[in-house]
Amino acid sequence: MPGSWLILVLAVSSAAALAHAATVEHTFNVGTLSWPRICQPGNISITAVGGVPGPVIEAYEGDTVVVHVINDSPYDVTIHWHGVFQRGTPWADGPSMVTQCPIRPGSRYTYRFSVSGQEGSLWWHAHSSFLRATVHGALIIRPSAGAYPFPKPDGEAVVVLGEWWDADIVLLERQAFLSGTQIPSADAYTINGKPNQTEKFSVRGNSTYLLRIINAALNTAFFFKVAGHTFTVVAADASYTTPYETDVIVIAPGQTVDALMAAGATPGCYYMEISSYQSAMPLRLGSFNIDVATAVVEYVGAAPTTDGGQQAAPARPEMPKPTDTATANGFYTGLTARVLPGRPTVPLAVDTRMFVTVGLGLSSCLPEQTSCNRSAPEAVATMNNESFALPTTTSLLDARYGKAPGGVYTNDFPDRPPVAFDYTNATGLLAGGAAAALSSTGRPTTKVRALRYNATVEVVLQNTALLGRESHPMHLHGFNFFVLAQGFGNYGGAASEQLNLVNPQQRNTIAVPTGGWVVIRFVADNPGMWFMHCHIDSHLSIGLAMVFAVEDGPTPDTKLPPPPPDLPRC
Ligand code: C2O
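Residues numbered from 1 in each chain as written. Predicted model: local features only at pLDDT ≥ 70, side-chain atom pairs only at ≥ 80, totals over all residues. Heavy atoms only, no water.

Trainee: Any chance you could break down the nonpolar core for me, citing the residues and the numbers?
Mentor: Within the largest apolar cluster, 55 residues are counted, with the highest numbers of intra-cluster contacts made by Ile57, Trp81, Tyr111, Phe113, Ile169 and Met529. The biggest single contributor to this core is helix 1 (residues 169-179), with four residues. Built from parts of two domains, this core gets at least three residues from each of domain 1 (8-334) and domain 2 (352-558). Leave out the neighbours within four places in its chain, and Trp81 touches Phe28, Ile57, Val67, Gln86, Ala92, Asp93, Tyr111, Phe113, Trp123, Trp124 and Leu139. Within the second largest apolar cluster, 44 residues are counted, among which are Ile213, Phe223, Ala259 and Ala293. (Core = buried A, V, L, I, M, F, W, Y, C linked by side-chain atoms within 4.5 Å. Buried < 20%, exposed > 50% of the residue type's maximum accessible area, 1.4 Å probe, protein only. Helix = DSSP H or I, 4+ residues; strand = E, 2+ residues; numbered from the N terminus. Domains from an automatic or database assignment. Contact = heavy atoms within 4.5 Å.)

The following block contains the structure:
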């Protein structure tokens, strides 16, 4: 693996002072690489685009991004551009069987989309099976006018947080499906694909760095710290925030955080460290990796510090406990938007209201789960008690475009759960009266919610305690949403009086508080089939998802465009 890695001191604004409308073009060869195991001798075969993480896509706001994906791997693959709105390009969004059939081994597909009206740190990842574990990378959109709405940093660094398995993730996923179990916890956490104590960031004293932190882990939220340093958060999910001072960053799978770090400590070496945030209650001991991953932040030219003649180890930050929900919640709820002229403001009149439970429940094995224990219930994940299954013959967008949903999806995703109950009271829920109505006995379904073009949609996402409370990072494709309020317990009407309609954070992925709720709002002005799902892959794969079918608008440019000619066929 490559060794030390200098934080680039970029002329961030000068090169960008010209108006941009360029095309940024990449070719991604998705292939099989031989990669070292972590902390064990030998190599394994992984599927990746050149390495882990894969290439960084760098663009300016308003650019067109063109990525030719050539699938030289043995697996079906698609790539999703996480957080990109895909206005007018719904066929380029990428989730397998939602907006396209997968790119088969030996085939190719070209994604074309523009990055307009968005700035900041996003990312790309495989959106088929669990391949995201190794097929991911950063997608950075710089302001076309050249200036950030915060003091210009002296340099910047991409910091991709990940999870690593010393195994072929697709095979692990297959085994988990057949047996109705979860994949084992990760063998290690990684920073820029590197295990503990391997990655290095060089900094100059008295300089400020913009860290573009991306949580690419399949299943784990992280606490992030750098010993001896604090941060000013300036953006999350490529939406500017009111500058937020903190010594700990909390980041759920799918989220990004842009934070300024002043290199103002005594010159020396400091550990950057990530540890997991475990929101599940009851905590499933043994179900997660308690290790940390560190990288070294090294001041250029600092004399090595010594300790009794030995070179001293870098200083370590003190990490929160894995179950520190108070710290997680403090960070998650502390962010507000930086209100800037010309940026979207909260729509005040709501057209469509939904109340959607999100959580885990119990079901029985499906016939095709051939090694499943049929005498015991297995975990499923649901939204309003519907466990989502992807279609198998045609993508949802294909079926919608062809006006032939029959046999592919139905338009009856419910606006509320089948029964109202005490959602977050963990005592005896499954044994009680709600159990019969809420144990998902049938097969998973493929239900979508149609939305009128331009409707303002408010969704309350309510976590349940049926099988255990847990913070689910819910991601919406095709849009950012405003996060108007969040809290613990059951959402009540009174809470609606405390909606932040002035400067709520905008995100594409919100960590619904464990045993709590969140109110989000967005304008359905982007026709297409947009996935909303938990960004924990082991919950997505057992059904924690639904789809919004945003209808066409009145003008030609608000109608679904025809599919590109090279769109993969099923
Ligand atoms: Cu980042 Cu549907 O995914």
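Trainee: With reference to specific residues and values, describe the confidence of the model for the protein chain.
Mentor: Summary statistics for the protein chain give a mean pLDDT of 92 and a share of 93% for residues scoring 70 or more. Within the model, the stretch residues 1-6 combines pLDDT values under 50 with 15 contacts to residues more than four positions away or in other chains. Taken as a whole, residues 8-17 scores under 50 in pLDDT and shows 22 contacts with residues more than four places along the chain or in a different chain. (pLDDT = per-residue confidence, 0-100.)

Trainee: Explain helix 1 to me, and be specific about the residues and the numbers.
Mentor: Three or more residues of helix 1 are buried, namely Ile169, Val170, Leu172, Glu173, Ala176 and Ser179. Between a side-chain oxygen at the N-terminus of helix 1 and the backbone nitrogen of Val170 the separation is 2.9 Å; the capping residue is Asp168. Following helix 1 by one or two positions, Gly180 has its phi on the positive side, about 65 degrees. (Polar contact = N/O pair within 3.5 Å; in protein donor to acceptor, adjacent residues only side chain to side chain.)

Trainee: Describe the sheet that holds strand 5 (residues 64-71), listing the residues and the values that go with them.
Mentor: Strand order in the open sheet formed by four strands is 3-2-5-7, with mixed pairing between adjacent strands. With partners counted over all chains shown, the strands left at the sheet margins are strand 3 (43-48) and strand 7 (108-114), one partner each. The mean angle between the axes of side-by-side strands here comes to 25 degrees, regardless of whether they run parallel or antiparallel. (Pairing = 2+ DSSP bridges. Axes fitted to C-alpha atoms, helices over the stretch in contact; angles between N-to-C directions.)

Trainee: Give me the lowdown on the sheet that holds strand 16 (residues 239-246), citing residues and values where you can.
Mentor: Here we have six strands laid out as an open sheet, ordered 11-10-13-18-15-16, and mixed in their pairing. Both outer strands of the open sheet, strand 11 (188-191) and strand 16, are each paired with one neighbouring strand and no more. The sheet shows a mean angle of 25 degrees between the axes of neighbouring strands, direction not considered. Bridge count for strand 15 (residues 231-236) against strand 18 (residues 256-263) is five bridges, and the pairing is antiparallel.

Trainee: Pulling in residues and values, what's your account of the state of the cysteines?
Mentor: Under the counting rule described, the total for this entry stands at two disulfides. Within the protein chain, bonded cysteines paired by disulfides and numbered along the sequence follow the pattern 1-4, 2-3. (Disulfide = S-S within 2.5 Å.)

Trainee: With reference to specific residues and values, describe the pattern of salt bridges.
Mentor: Tallying each qualifying case throughout the model produces 22 salt bridges. Across the pair Glu58 and Arg142 runs a salt bridge whose closest N-O atoms are separated by 2.7 Å. With a gap of 84 residues between them, Glu58 in strand 4 (residues 57-60) and Arg142 in strand 9 (residues 136-142) connect regions that are remote in the sequence. You can call Glu58 partly exposed: its relative accessible area is 40%. Accessibility expressed as a relative area gives 6% for Arg142, which makes it buried. Measuring nitrogen to oxygen at the nearest pair gives 2.8 Å for the salt bridge that ties Arg132 to Asp537. (Salt bridge = Lys/Arg side-chain N within 4 Å of Asp/Glu carboxyl O.)

Trainee: How would you sum up the packing of aromatic side chains? Please name residues and give values.
Mentor: Under the defined criterion, the tally for this structure stands at 20 aromatic pairs. Residues Phe28 and Trp124 carry aromatic rings whose centres are separated by 4.5 Å and whose planes lie at 45 degrees to one another, so their mutual orientation is tilted. In this pair, Phe28 sits in strand 2 (residues 23-36) while Trp124 sits in strand 8 (residues 120-126), placing the two residues 96 residues apart along the sequence. Considered together, Phe28 and Trp124 belong to a single accessibility category, that of buried residues. Each residue in the set Phe28, Trp81, Tyr109, Tyr111, Phe113 and Trp124 is aromatic and connected to the rest through ring pairs, giving one cluster. (Phe/Tyr/Trp six-rings, centres within 6.5 Å; stacked < 30°, edge-to-face > 60°.)

Trainee: Could you give me a rundown of the domain arrangement of the protein chain, with the residues and numbers involved?
Mentor: By domain assignment, the protein chain separates into domain 1 (8-334) and domain 2 (352-558). Taking the mean C-alpha position of each, domain 1 and domain 2 sit 25 Å from one another. Listed as interface residues are 51 residues of domain 1 and, on the opposing side, 56 residues of domain 2. For the pair domain 1 and domain 2, the two sides together bury roughly 4200 Å², of which 52% comes from carbon and sulfur. Ranking the residues of domain 1 by area buried against domain 2 places Trp91, Met97 and Val98 at the top, with a combined share of 15%. Applying the counting criterion to the domain 1 and domain 2 interface returns three salt bridges. At the level of elements, strand 6 (79-82), strand 8, helix 1, strand 16 and helix 2 (325-334) are the ones that each hand at least two residues to the side of domain 1 that touches domain 2. Per element, the largest residue contribution to the side of domain 1 that touches domain 2 is four residues, and it comes from helix 2. (Buried area = accessible area lost by both parts, 1.4 Å probe.)

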